[in-house]
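Next come the chains, spelled out residue by residue.
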Amino acid sequence: MKKLGLHEIRREFLDYFEEKGHLVAPSFSLIPKNDKSLLLIGAGMAPLKKYFTGELTPPKNKMATCQKCIRTGDIENVGKTDRHATFFEMLGNFSFGDYFKKEAIEFAWEFLTKRLEIDPELLWASVYHEDLEAAKIWNEDIGMDKEKIVPLGKADNFWELEVGPSGPCSEIYIDRGEKYGCGSKDCKPGCECDRFIEVWNLVFTQFDKDANGVYNPLEHPNIDTGMGLERITAFLENADNIFEIDEIKKIIQAIEKISKYKYGTEESKDVSIRVITDHVRAMTFLVSDGVLPSNEGRGYVLRRLIRRASRHGKLLGIEGTFLTEVVGVFIESWMVEYQELKSREDHIKRIILAEEDKFQETIDAGIQILESYIEEMKAEKKDMLSGEKAFKLYDTYGFPLDLTLEILQERHLKLDEAEFTNQMENQRKRARSARDDGDSGWGASINLEIFDGSESEFKGYETISTDSKVLALVKEDEIVEVLSQDEEGMVVLDITPFYAESGGQVGDTGYLEIDGSKVEVIDTKHNKMGITIHMVRVVNGSIKVNDSVKARVDESRRDSIRRNHSATHLLHKALKEVLGEHVNQAGSIVDQNRLRFDYTHFESPTSEELQLIETIVNREIYRGLDVTTTETSLEEAQKLGVVGLFEEKYGDLVRVIRMGEFSKELCGGTHVTSTSNIGMFKIISEGGIASGVRRIEAITGLGVYNYLNEKEEEIDQMSSILKTNKTNLLDRTRSIVSELKEQEKEVSQLKMKLSGDLSKEIIEEAEKVGDISLITHRVENMAIDDLRNLGDKIKDRLDSGVIVLASVADGKITFLVMVTDDLIAKKILAGNIVREVAKITGGNGGGRPNIAQAGGKDVSKLDEAFAQLPELILAAKKD
């Protein structure tokens, strides 16, 4: 048996099949391409699926890959056992109508016994019990004893989908020896013990299963095989499991060094080591392939992996962030095959560090609150956390549900998941209700009554005015025949130049003119049925059903909207150029005054990056790029590399907006004809709005001119207030700030002196609770930093005791509790005390054993809270 490591086995496999005439392709991205049925690639054949179905023609009829795979179906078991993993690599060879069973079996046998030099006596095979052809090949062509060819049923040895390609399979097993077995004389592949491990699955796709369940033979049957790289490596290295493979042990050793814990010493900590080791591999490849942490889809998978690994670092005693250090070790090893990991290393580490940092901010507070819930459950002898509390953790504090479940399971506790789901659904209903408030009563029932199904024809791309006919009128949810002067209602036209709000662009406004009557169009929207609705107010005269009208869009307003909308396309491209191709649009609003653009990014851009983004947009404006519109198929647009925003909303025919060669996007909005029409672009704000999503607000055209004038006026006013001219404004401001800092320093020193004097007085108020000194004191309007300084001064003068201070300001209480070190050993803990006194005043909080703080809401209960302290201290001392 050859002594080969993981990277050598991968290369040996690919070289072997290249010699056999296969096209060796690099691993496909973990993000499925043009396949919405998959969240992530979880099998070697998944990226090749359309070659098997015949939808696409493969580059060659024989291929081989080593495919990165992620499966998270049993993520909860990762770490708990040494068999489960979310990330793995799948070696596979594939035939698309070229060779079939005989060649596939012969290739596998030759590779295992000749290239890897595995003893043929250790190899067994299973076959589908009806597949006599495969059994015969194993016996007669390979020479395997019939006793070692195990027939198994459909559940084990038949691969199929509900409809489509399917067929029997044959699995190759390695006999690890009797010491791994169950002792049964009938022990063989299919047994539940660990003696026989499956290393290679050969799938013979020879049928096309139809909707009636009939297996129709394929004219050109296919081959799909898969062998787990980590599993075969473990066998060749004589390792008991994948975590003992040499290359993976390098990751474990890095974690050992950071945590100062030796793997194999304590099972509970070994679990954490295995979780981090596995998750680091998965998160590194996910980020490398373009996934960003988010709260949905594959982004949530990444977020969960990072947060789970980070938490297990805490369980190992690791303080602060550490994952990027482990990621670096992994990249150094795996870059031998995946060179892109090294070139993207900085990007990968930045994203993981940003997410880990963010999680560090929430995990301590979340765990502290969850621990208080668990303590309450224990006191009340309950074993189930309410869904309401779990939802509060999730919704208010951003603490992930899966982490709540995991911590509860570790304590052998349960969660009322049905109640949590109910709370989540109620929140969704509230959100839907808020969105529907703007429906103006235009419900589906009215739509069906007044419209025959032929939609209004939109002419707004070509013109801003049309001769139109009134098809329907509605007033106060009722269909009417006429709207008179000063009345408001809704109008449906057969032809309209008015753009209805969609894709982030607001609806047009303007006028309808009818023989001396004038109707103002206040807004334009699509209703739920897709009908264009004009929200109107009759300025004078009236409007009736079947009237012929002149429909005119407010041209000046439309032009401003066009400028802002076209600028979003330039901005989107500039963001990708400066921050990276991972940036995508997450939403937008474009109106006549400004543009608002939401985008995916993991951290705040620097001021230099924002300046560069703004410069790029203005550069393309000044170049005067032609803005052109074409309609094409979605497939053709994808081939052209067009950026699609919210791809699932597009039909087969799409509208492509080009701005020279700089930008190509799918878009249904209205745009300028040249980028020079935009005039100028200015970012006025940038900030985060959700985890992994940021927002830019900007202005264009005259909006920039007006903005600059306003800033000029502000500068003039500041110069007047500071009694200086504009040229010296910065110097004057710096001088004032310097003077203020000196004054603040004097004030701080004075406060410290006063705290020292006050601490003497407060200590004299101390009372005895048994042999323990208890100091309580209320102050007014004292900031938390000053409250801590006061507590420190008291503690410095106190040999032993408990200090409870309360600052009252604006009808709220801030508690600070300090406990001297000698009392901590007696189980008198600041965190427990502050939580109980805060609870009396309707608040909560916590902290460390020696210092903790909390908030209270009911000032009237403060004396009652202080009065409970002796009882709390005595109870803690008794425990």
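Let us look at the structure shown here. (Residues numbered from 1 in each chain as written. Predicted model: local features only at pLDDT ≥ 70, side-chain atom pairs only at ≥ 80, totals over all residues. Heavy atoms only, no water.)

### Here we look at the sheet that holds strand S28 (residues 681–690)
Working step 1: Spatial strand order, S23-S24-S29-S28: four strands in an open sheet with antiparallel pairing. This sheet does not close on itself; its edge strands, each paired only once, are strand S23 (585–590) and S28. For this sheet, the mean inter-axis angle between neighbouring strands, taken without regard to orientation, is 15°.
Working step 2: Summarising the sheet, S28 and strand S29 (residues 693–700) pair through eight bridges and their orientation is antiparallel. By the bridge assignment for S29, Lys-682 is matched with Ile-699.
Working step 3: Sitting on the sheet, helix H18 (residues 607–622) is in contact with S28 and S29, with an inclination near 135° to S28. (Pairing = 2+ DSSP bridges. Helix = DSSP H or I, 4+ residues; strand = E, 2+ residues; numbered from the N terminus. Axes fitted to C-alpha atoms, helices over the stretch in contact; angles between N-to-C directions. Contact = heavy atoms within 4.5 Å.)

### Examining the pattern of salt bridges
Working step 1: Considering all chains together, one arrives at 57 salt bridges under this definition.
Working step 2: Between Asp-559 and Arg-562 there is a salt bridge, with its nearest N and O atoms 2.6 Å apart. Of the two residues, Asp-559 and Arg-562 are both situated in helix H17 (residues 555–579); the distance of three residues between them amounts to about one turn of the helix.
Working step 3: The exposure class of Arg-562 is buried, given its relative accessible area of 18%.
Working step 4: Several salt bridges converge on common partners, so that one network encompasses Lys-2, Glu-12, Glu-19 and Arg-115. (Salt bridge = Lys/Arg side-chain N within 4 Å of Asp/Glu carboxyl O. Buried < 20%, exposed > 50% of the residue type's maximum accessible area, 1.4 Å probe, protein only.)

### Quick look at the packing of helix H9 (residues 297–315) against helix H14 (residues 401–410)
Working step 1: Contact geometry for H9 and H14: axes closest at 11 Å, N-to-C directions at 40°. As H9 packs across H14, the resulting crossing turns out to be right-handed. In this structure, H9 contributes Tyr-300, Arg-304, Arg-308, Arg-311, His-312 and Leu-315 to the contact, and H14 contributes Asp-402, Leu-403, Glu-406, Ile-407 and Glu-410. (Left-handed = near helix turned anticlockwise from the far one by under 90°.)

### What to know about the sheet that holds strand S31 (residues 772–780)
Working step 1: Strand order in the open sheet formed by six strands is S30-S31-S32-S33-S35-S34, and the pairing between neighbours is mixed. Either end of the sheet is taken by a strand with one partner, and the two such strands are strand S30 (767–769) and strand S34 (844–847). For this sheet the average axis-to-axis angle between neighbouring strands, irrespective of direction, equals 20°.
Working step 2: One ladder, built from seven bridges, connects S31 with strand S32 (residues 802–809); its direction is parallel. Counted as the bridge partner of His-777 is Leu-805 from S32.
Working step 3: Packing against the sheet, helix H22 (residues 784–797) makes contact with S31, S32, strand S33 (812–819) and strand S35 (851–856), and its axis sits at approximately 30° to S33.

### Section: a negative patch on the surface
Working step 1: On the surface, Asp-82, Asp-194, Asp-240 and Glu-244 cluster together to form a negatively charged patch.
Working step 2: Of note, Glu-244 is situated in the loop between helix H6 (229–236) and helix H7 (246–259). (Patch = residues over 30% accessible without salt bridge, like charges linked within 9 Å, V, L, I, M, F, W, Y side chains within 5 Å. Areas by Shrake-Rupley, 256 points an atom, 1.4 Å probe, with all protein chains shown as cover. Lys, Arg positive; Asp, Glu negative; His and termini not counted. Charge placed at Lys NZ, Arg CZ, Asp CG, Glu CD.)

### Some words on the nonpolar core
Working step 1: Membership of the largest hydrophobic core comes to 91 residues, with the highest contact counts inside it found for Leu-112, Trp-138, Trp-200 and Ile-232.
Working step 2: When residues in this core are grouped by element, the largest group, eight residues, is from helix H8 (residues 267–288).
Working step 3: In contact with Trp-138, other than residues within four places in its own chain, are Ile-105, Trp-109, Ala-125, Val-127, Gly-143, Met-144, Ile-149, Ser-170, Ile-172 and Leu-202.
Working step 4: Judged by nonpolar contacts, the second largest core, of 28 residues, contains Ala-574, Val-583, Ile-621 and Val-627. (Core = buried A, V, L, I, M, F, W, Y, C linked by side-chain atoms within 4.5 Å.)

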